[in-house]
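# Report on the structure
In case you want the letters, here they are:
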Amino acid sequence: MLTAMIAIGALAGLFGLLLGYSAIRFRVDADPIVDQIDALLPQTQCGQCGFAGCRPYAEAIAGGEADINQCPPGGEATIQALADLLGVDPKPLNEEHGEHGEKMVAVIDEQTCIGCTLCIQACPVDAILGAAKQMHTVIADECTGCELCLPPCPVDCITMVPVKRDISQWKWPYPEPDHPEIAEAGK
Amino acid sequence: MVTLLEKPATFPGGLHLPSEKSRSLTEPLTSAAIPARLHVPLGQNIGEPAEAVVKPGDKVLRGQLIARSLGYISAPVHAPTSGTVRDVGDYPVPHPSGLSAPCIVIDSDGEDRAAETGLQMDRVYEADPADIRQRVRDAGIVGLGGAGFPTAVKLNPGPDHIVDLLVINGAECEPYITCDEALMCCRPDDIIEGIRIMRHALRAKQVVIGIEDSMPNAIECLRKELERVGETEIRIVAVPTRYPAGGEKQLIYTLTGEEVPSQGLPIDIGVVCHNVGTAAAVARAIHHGEPLISRVVTVTGAGVARPRNFDVRIGTPIGDLVEQAGGYTPDVARLLMGGPMMGFTLNSDRLPVIKTSNCILAASRAEAPDPPHPQPCIRCARCADVCPASLLPQQLYWYAFARNLEKVQDYNLFDCIECGCCALVCPSHIPLVQYYRFAKTEIWDMEREREKADLARRRHEARLQRLEREKKALEERRARARKALDKKPKAGDADAKKAEIAAALARVKARKKETQAATGQADGGNGDGN
Ligand code: SF4
Ligand code: SF4
Ligand code: SF4
Ligand code: SF4
């Protein structure tokens, strides 16, 4: 009996050492928490959070320099996900940074565009196509709706329109329960 | 390796439902009239929609390609009859969303002239399976029993799989629907021929046709056909009639006693399953060169005067079919595409029949009553008892209700076949399936968003790197330019000096020449003079 206990104790100790060693030996170099936070951010790259993009914001959160409720494009869902990840309480979106709205996409009025390339320089994801003095277009699938291309345009020919959902992206609506007690009773 | 059971196994859950099938079987299967105008949607299959290859004004023949497939999981679309393309654009399509989608509109010329499709094949049983698959793909054939998965993909088990068993699904378990039964009774030759082609293409070791035991006529017709062609290697098994016996996983379990793994495919256990209608479509393409431009549709319900089955050209308005079935009765209250369990409500009868339309149900108030008011869940577990996928519907409901999209997947939401058994028995009348559908499409949307975010992240990072590179390159250029500028004055001096020297030398030379010439003349003159 005693030998068995000693043997198991020794084994446990050995495995503990092994685990401890491998944790040091095989440590991941990149800061995984920043990656994890960044993975939850919407990647709109709009800067509304007060940082130069999603990753800088992720770094700021990881470093304790920013709160989790500063990303308007992500809205409640992102705040909830961040709260879950970091084990903190979710809080409402900080209105100072903006409001959570519908997903939008930029459209360039090709008649008005003078081909100045200023929008191309502003777009964080290179979603605008065009060369100097030629009209530009937005690759709708790649536009994140960040609106950064709007201010530089000297002729105001860029507008934001809601993203059109085609039939393959259609979602079944949430069945509105007309009786609130269903909510409580479902638990 | 899967083997056929001697005695069918009993899948979990399920319900005995009133069949209501006989009403649409009193009249024989006939062809519906070709309408004057057809709306042919480009996306009739699971996967990518097709891309139009015709434009307004083009003349088309029956069977001519009008939209080509885009990608592997996609199916081309063919002209259902001859005529003129009137428009290519968005029109309402039969879909639960009620939305419009790209369609090709064809005005029929009434002649129904056929195009040469080149799909036929001689000596098909000696042909390369890849060749057969290509023709099935070119014929635009999709699964006619369910959601319309491209058939060619399901005829390709891949190099790593051996097909032990090809299951042909003739179990048509949903009440009211009889299109497969009508087809089995009227066109057993096409079905058996198609099955043999599929068997060859898949190199399947065994083949079985599963038919509900409530369809003795269909079983008899297929048996006779097997006898007629001397085919002894295809078995017919009568499976007990119980909804949803025709669900793919349920039928495979009934026949083999084996379960398709959660979120897996039948091929994972060496089984491939095709519908009887799909088999017939394969035979029509390979032997008669006909792409998929028509299908059998049941028009039934108390809301229509003479329920029956039609062979219908794709794109035919539903209202035309109802008219040919004697029109609406005063009882009609709701129009559904599909059966009462899995169908969805249509908001118009101007919508076209598509490749996956198996049934038009014009239901009376009694057949499709307004859903009673939902009450709180009383945790009676009846839903779990009837679930054929052995899920916990009340848990799925709770997490879908709470919009907890992670947890709802932990309870295997995606194994739910939306059969509706749980919602039917729920004493609290909770619209359970609506919650599951909501959660499924919500999860797909989330995944799309995540993919888009990943793309944006990659593009943003690429941009930052590019800017970084450009900055570096600019700096380097500037540095080089500065260096060059520092050097240049010296180099310039040197050059200038060299040039000056060269110029000076040249001048000296030139002057020398001049003086030489002058003195020479003078000398000569002198000499002459001397
Ligand atoms: S507000 Fe959100 S989406 Fe915009 S840059 Fe900041 S983290 Fe990214
Ligand atoms: S096109 Fe405009 S709105 Fe769209 S991502 Fe680029 S800068 Fe943002
Ligand atoms: S059948 Fe309805 S009431 Fe009963 S446990 Fe399931 S969801 Fe709840
Ligand atoms: S709809 Fe889904 S959860 Fe309900 S019984 Fe059918 S498979 Fe089970």
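Parameters and conventions
Residues numbered from 1 in each chain as written. Chains lettered and ligands numbered in written order. Predicted model: local features only at pLDDT ≥ 70, side-chain atom pairs only at ≥ 80, totals over all residues. Heavy atoms only, no water. Helix = DSSP H or I, 4+ residues; strand = E, 2+ residues; numbered from the N terminus. Rg over C-alpha atoms; globule rule 2.2 N^0.38 Å. Buried < 20%, exposed > 50% of the residue type's maximum accessible area, 1.4 Å probe, protein only. Contact = heavy atoms within 4.5 Å. Lys, Arg positive; Asp, Glu negative; His and termini not counted. Charge placed at Lys NZ, Arg CZ, Asp CG, Glu CD. Near = heavy atom within 4 Å. Nonpolar A, V, L, I, M, F, W, Y, C, P; charged D, E, K, R; others polar. Domains from an automatic or database assignment. Buried area = accessible area lost by both parts, 1.4 Å probe. Salt bridge = Lys/Arg side-chain N within 4 Å of Asp/Glu carboxyl O. Polar contact = N/O pair within 3.5 Å; in protein donor to acceptor, adjacent residues only side chain to side chain. Axes fitted to C-alpha atoms, helices over the stretch in contact; angles between N-to-C directions. Parallel < 35°, antiparallel > 145°, perpendicular 65-115°, else oblique. Left-handed = near helix turned anticlockwise from the far one by under 90°. Pairing = 2+ DSSP bridges. Right-handed = clockwise from strand over helix to strand, strands pointing away.

Attention now moves to the overall build of chain B. Looking only at helices and strands, one finds 13 helices and 17 strands in chain B. By the compact-globule yardstick of 24 Å for 530 residues, chain B is too spread out, its C-alpha radius of gyration being 37 Å. The dimensions of chain B, computed from C-alpha atoms along their principal axes, are 145 × 60 × 50 Å. A burial count over chain B gives 48% of its 530 residues as buried. Put simply, 73% of the contacts in chain B that link residues at least 6 apart link residues at least 24 apart. Averaging the locations of the 67 positively and 69 negatively charged side chains of chain B gives two centres separated by 10 Å.

All names here are of chain B. Residues in close proximity to ligand 4 include C387, P388, P393, C416, I417, E418, C419, G420, C421, C422, V433 and Y436, which together make up its full environment. Of all the elements in the fold, those that place two or more residues in the shell around ligand 4 are α12 (421–425) and α13 (432–529). Here the residues of the shell around ligand 4 sort into ten nonpolar, one polar and one charged.

Time to look at the domain arrangement of chain B. Interface size, as often reported, equals the accessible area lost upon joining of the parts. All names here are of chain B. You can read the domains of chain B as domain 1 (22–359) and domain 2 (382–440). Taking only C-alpha atoms into account, the centre of domain 1 sits 29 Å from that of domain 2. With nine residues of domain 1 at the interface, the matching set in domain 2 holds twelve residues. Summing the contributions of domain 1 and of domain 2, the shared interface buries around 820 Å²; its carbon and sulfur component is 52%. Our enumeration of links across domain 1 and domain 2 arrives at one salt bridge. With a shortest N-O distance of 3.9 Å, D415 and K249 are connected by a salt bridge. Between domain 1 and domain 2 we count four residue pairs in polar contact (both at pLDDT 80 or more) in total. Taken together, the residues that form the side of domain 1 that touches domain 2 break down as four nonpolar, four polar and one charged.

Residues and elements named next belong to chain A. In terms of domain boundaries, chain A breaks down into domain 1 (33–97) and domain 2 (104–164). Placing a centre on the C-alpha atoms of domain 1 and another on those of domain 2 gives a separation of 26 Å. With four residues of domain 1 at the interface, the matching set in domain 2 holds six residues. Buried area between domain 1 and domain 2, both sides added, is near 320 Å², and the carbon and sulfur share of it is 62%. Looking only at domain 1, the three residues that lose the most surface to domain 2 are T44, Q45 and C46, adding up to 91% of its buried area. Counting the contacts that link domain 1 with domain 2 gives zero salt bridges.

A few words on the interface of chain B and chain A. In this complex, chain B contributes 38 residues to the contact, which on the side of chain A involves 40 residues. Across the interface of chain B and chain A, roughly 3,500 Å² is buried in total on both sides, 57% from carbon and sulfur atoms. A per-residue breakdown of the area chain B buries against chain A is headed by R457, R459 and R463 of chain B, which together make up 17% of the total. For R466 of chain B, the salt bridge is made with D126 of chain A, and the minimal N-O distance between the two is 2.7 Å. Only β8 (100–108), α10 (393–401) and α13 of chain B provide two or more residues apiece to the side of chain B that touches chain A. By residue number, the principal contributor to the side of chain B that touches chain A is α13 of chain B, which donates 18 residues. Here the side of chain B that touches chain A is built from residues that sort into 17 nonpolar, eight polar and 13 charged.

Let us look at the packing of helix α2 (residues 32–40) of chain A against helix α4 (residues 75–86) of chain A. Residue and element names in this part refer to chain A. Orientation of α2 relative to α4, taken along the N-to-C sense of each, is 160°, at an axis distance of 9 Å. Between α2 and α4, the crossing angle belongs to the class labelled roughly antiparallel. Considering only the axes of α2 and α4, their crossing is right-handed. Across the interface between the two elements, I33, Q36, I37 and L40 of α2 pack against T78, A81, L82, L85 and L86 of α4. Looking at the contact of α2 with α4, its residues break down into seven nonpolar, two polar and no charged.

All names here are of chain B. Pairing analysis gives six bridges linking strand β10 (residues 206–212) to strand β11 (residues 234–239), with the strands arranged parallel. Residue V208 lies in a different strand from β11, and its bridge partner there is R235. You can see the chain leave β10, run along helix α5 (residues 216–228) and come back into β11, and the turn it takes is right-handed.

This brings us to the site of ligand 2. Close to ligand 2 lie 13 residues, the nearest being C123, C143, C146, E147 and C149 of chain A. Partitioned by chemical class, the residues of the shell around ligand 2 number ten nonpolar, two polar and one charged.

Residue and element names in this part refer to chain A. Within the fold, I114 resides in the loop between β1 (104–108) and α5 (118–122). According to the relative accessible area criterion, I114 is partly exposed, its value standing at 49%. On a C-alpha basis, the gap between I114 and C157 in space is 9.1 Å, while along the polypeptide they are 43 residues apart.

Let's shift gears to the pattern of salt bridges. Taken as a whole and assessed by the stated rule, the structure comprises 41 salt bridges over all chains. The shortest N-O distance in the salt bridge between D109 of chain B and R113 of chain B comes to 3.1 Å. The exposure class of R113 of chain B is partly exposed, given its relative accessible area of 41%. Between R284 of chain B and D190 of chain B there is a salt bridge whose closest N-O contact spans 3.3 Å. One end of the pair, R284 of chain B, is in helix α7 (residues 276–288); the other, D190 of chain B, is in helix α4 (residues 188–202), and 94 residues separate them in sequence. Its relative accessible area of 7% is what places D190 of chain B among the buried residues. Three or more residues are tied together by salt bridges with common partners; here these are D35, D38, R55 and E59 of chain A together with D454 and R457 of chain B.

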